[in-house]
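# An overview of the molecular structure
What follows is each chain in one-letter form.
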Amino acid sequence: MTKRLCLFAGFNKTGRVADYVMYYLRKMAQLSDVYYWADGALHPEDEKKLLAVCKQVWGIPHGRYDFGSWQLLLARLENNCLAQYDELILCNDSCFGPLWDIRPLLDSAAQDASCDFWGLSAQPYNYRHFLSSYFLVFKKPVFLSKVFQEHFRSVRRQNSSQVVVLQYEIPLTFKLRDAGFRPKVLISPAAEEDVYFNWKRYVRKGLPFIKVKVFTQPHAKTTPVWRFQRFLHKTAPEYPAELINRHIADCASSPLRFDFCKYTAYVWNKIKCLRRRTLRLHLTKPYLISIFGFTLVDTGPKTEIINTLFRGERK
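In short, a report on the structure. Remember, it's a predicted structure, so these values are computed and weren't measured experimentally.

### Comments concerning the overall build of the chain
Along the chain, the regular secondary structure elements total 13 helices and 14 strands. Buried residues in the chain amount to 45% of all 315 residues. For the chain, the share of sequence-separated contacts (at least 6 apart) that also reach a separation of at least 24 residues comes to 65%.

This is the structure in structure tokens:
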């Protein structure tokens, strides 16, 4: 069996650990040895609950976001300890899940000789894609490598999460790939889609997590919260949907405003996808009519039915 180490990065302004995070940790503890570090002080009651699930727990502020928590955990676990494991999992509390048992997914990826490290989804950057850091898995040659360890030793305190993404999340994939390690993304419905606006499509494709910000940030107003329970009941009946309800209610103390600009961008993105994938209507001389990518009728001087249903010609 593959022996796995999970380093879990947590954060909560109140110092409490949400119920959905405890559920996540319990599921990961069934698959790996879990070490938890919160960027902030932990409530004594929550610390006891965490110690019942995790090998070790720390709640010390550092201001370096998730990469800082992973950096400190890696420093606590020396190389001789890391070498006991076959895989290293880096994850955080930014997701609801796992929606179902992820052991088959982990085991399948562990047996895949075509990759050395992988992520569940990827994001574009300068015409290239990097693995999203909310769930990353590295095989032993990668996490024991010099390039991996130097990258995490370089983590410093930053002023915003955007800077952390630019300084540490994006370069990680490229550094490891340049060092000869082979990355892989497991779930990628389409290059133009992200895990926020298109979370349902990702879940249908097999993504076992839903980003928390889908429901708790302004762009969540593009997602009808009242419908997610029915969706989860069909696609992930074993996941307790009340954990999401509870967290949404906890976040309601700071009302979310409807963000018209983000909603407009969301709608426009959907229109572009619709035009690109399903509907094309072109009226050009001599008035070629093309619907769903197929030319149907030429109403020019020589009217004829053009049979391109199988060729899929686009004018």
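Text resumes after the structure shown.
### Notes on the side chain of Ser32
Locating Ser32 in the fold gives a position in the loop between α1 (19-29) and β2 (33-38). Residues in contact with Ser32, not counting those within four places in the same chain, are Arg4, Leu5 and Cys6.

### Brief notes about the packing of helix α11 (residues 228-235) against helix α12 (residues 242-251)
Packing of α11 against α12 brings their axes to within 11 Å, and their N-to-C directions diverge by 155°. In terms of axis orientation, α11 runs roughly antiparallel to α12. At the point where α11 passes α12, the crossing takes the right-handed sense. Contacts from Phe228, Gln229 and Leu232 in α11 reach Ile244, Asn245 and Ile248 in α12.

### Section: the packing of aromatic side chains
Counted under the stated rule, the structure contains 18 aromatic pairs. Taking the centre distance of 6.2 Å and the plane angle of 35° together, the rings of Trp118 and Phe135 count as tilted. Here Trp118, found in strand β6 (residues 117-119), pairs with Phe135, found in strand β9 (residues 135-139); they are 17 residues apart in sequence, far enough to count as distant. Assigned by exposure class, Trp118 and Phe135 land together as buried. Connected via pairs of aromatic rings, a cluster forms that spans Phe67, Trp70, Phe117, Phe138, Phe148, Phe152 and Tyr168. Just above the ring of Tyr85 sits the side chain of Lys3; from NZ or CZ to the centre is 5.1 Å. The cationic tip of Arg128 hangs over the ring face of Phe174; the distance from NZ or CZ to the ring centre is 3.8 Å.

### Some points on α11
Within α11 the residues assigned to the buried category are Phe228, Phe231 and Leu232. Each buried residue of α11 lies within a common arc of 95° when the element is viewed along its axis, so the set occupies one face. Summarising the geometry of α11, the exposed residues directed more than 90 degrees from the buried face are Arg230, His233 and Lys234. Elements in contact with the buried residues of α11: α9 (199-205), β11 (210-211), α10 (213-216) and α12.

### Quick look at the pattern of salt bridges
Throughout the structure, instances matching the rule amount to 10 salt bridges. For Glu45, the salt bridge goes to Arg16, with nearest N and O atoms at 3.7 Å. Taken together, the positions of Glu45 in helix α2 (residues 44-51) and Arg16 in the loop between β1 (4-10) and α1 put the pair 29 residues apart, joining distant regions of the chain. Accessibility expressed as a relative area gives 33% for Arg16, which makes it partly exposed. Residue Asp46 is joined to Arg16 by a salt bridge in which the shortest nitrogen-to-oxygen separation is 2.7 Å. Placement of the pair is Asp46 in helix α2 and Arg16 in the loop between β1 and α1, with a sequence separation of 30 residues. If you follow the salt bridges from partner to partner, you end up with Arg16, Glu45, Asp46 and Lys49 in one network.

### With respect to the nonpolar core
Leu25, Tyr36, Phe135, Leu232 and Tyr239 are the most contacted members of the largest nonpolar core, which totals 52 residues. Considering each element in turn, this core owes the most residues, 7 residues, to α1. Residues in contact with Leu25, not counting those within four places in the same chain, are Phe8, Val34, Tyr36, Leu50, Val53 and Cys54. Counting 30 residues, the second largest nonpolar core, distinct from the first, contains Trp70, Tyr85, Tyr168 and Phe181.

### Remarks on the sheet that holds β2
Pairing is mixed across the open sheet formed by 7 strands, whose spatial order is β3-β2-β1-β4-β9-β6-β10. Of all the strands in the sheet, the pair left with one neighbour each is β3 (56-59) and β10 (183-185). Put simply, the sheet's adjacent strands are angled 15° from each other on average, direction ignored. The sheet contact formed by β6 and β10 spans 3 bridges and is parallel. Looking at β10, one finds that Trp118 is bridged to Lys184. In the packing of helix α3 (residues 65-76) onto the sheet, the strands contacted are β1, β2, β3 and β4 (87-92), and the crossing angle to β1 comes to about 135°.

Quick notes on the rules
- Residues numbered from 1 in each chain as written.
- Predicted model: local features only at pLDDT ≥ 70, side-chain atom pairs only at ≥ 80, totals over all residues.
- Heavy atoms only, no water.
- Helix = DSSP H or I, 4+ residues; strand = E, 2+ residues; numbered from the N terminus.
- Buried < 20%, exposed > 50% of the residue type's maximum accessible area, 1.4 Å probe, protein only.
- Contact = heavy atoms within 4.5 Å.
- Axes fitted to C-alpha atoms, helices over the stretch in contact; angles between N-to-C directions.
- Parallel < 35°, antiparallel > 145°, perpendicular 65-115°, else oblique.
- Left-handed = near helix turned anticlockwise from the far one by under 90°.
- Phe/Tyr/Trp six-rings, centres within 6.5 Å; stacked < 30°, edge-to-face > 60°.
- Lys NZ or Arg CZ within 6 Å of the ring centre and 35° of its normal.
- Arc of directions from axis to C-beta.
- Salt bridge = Lys/Arg side-chain N within 4 Å of Asp/Glu carboxyl O.
- Core = buried A, V, L, I, M, F, W, Y, C linked by side-chain atoms within 4.5 Å.
- Pairing = 2+ DSSP bridges.

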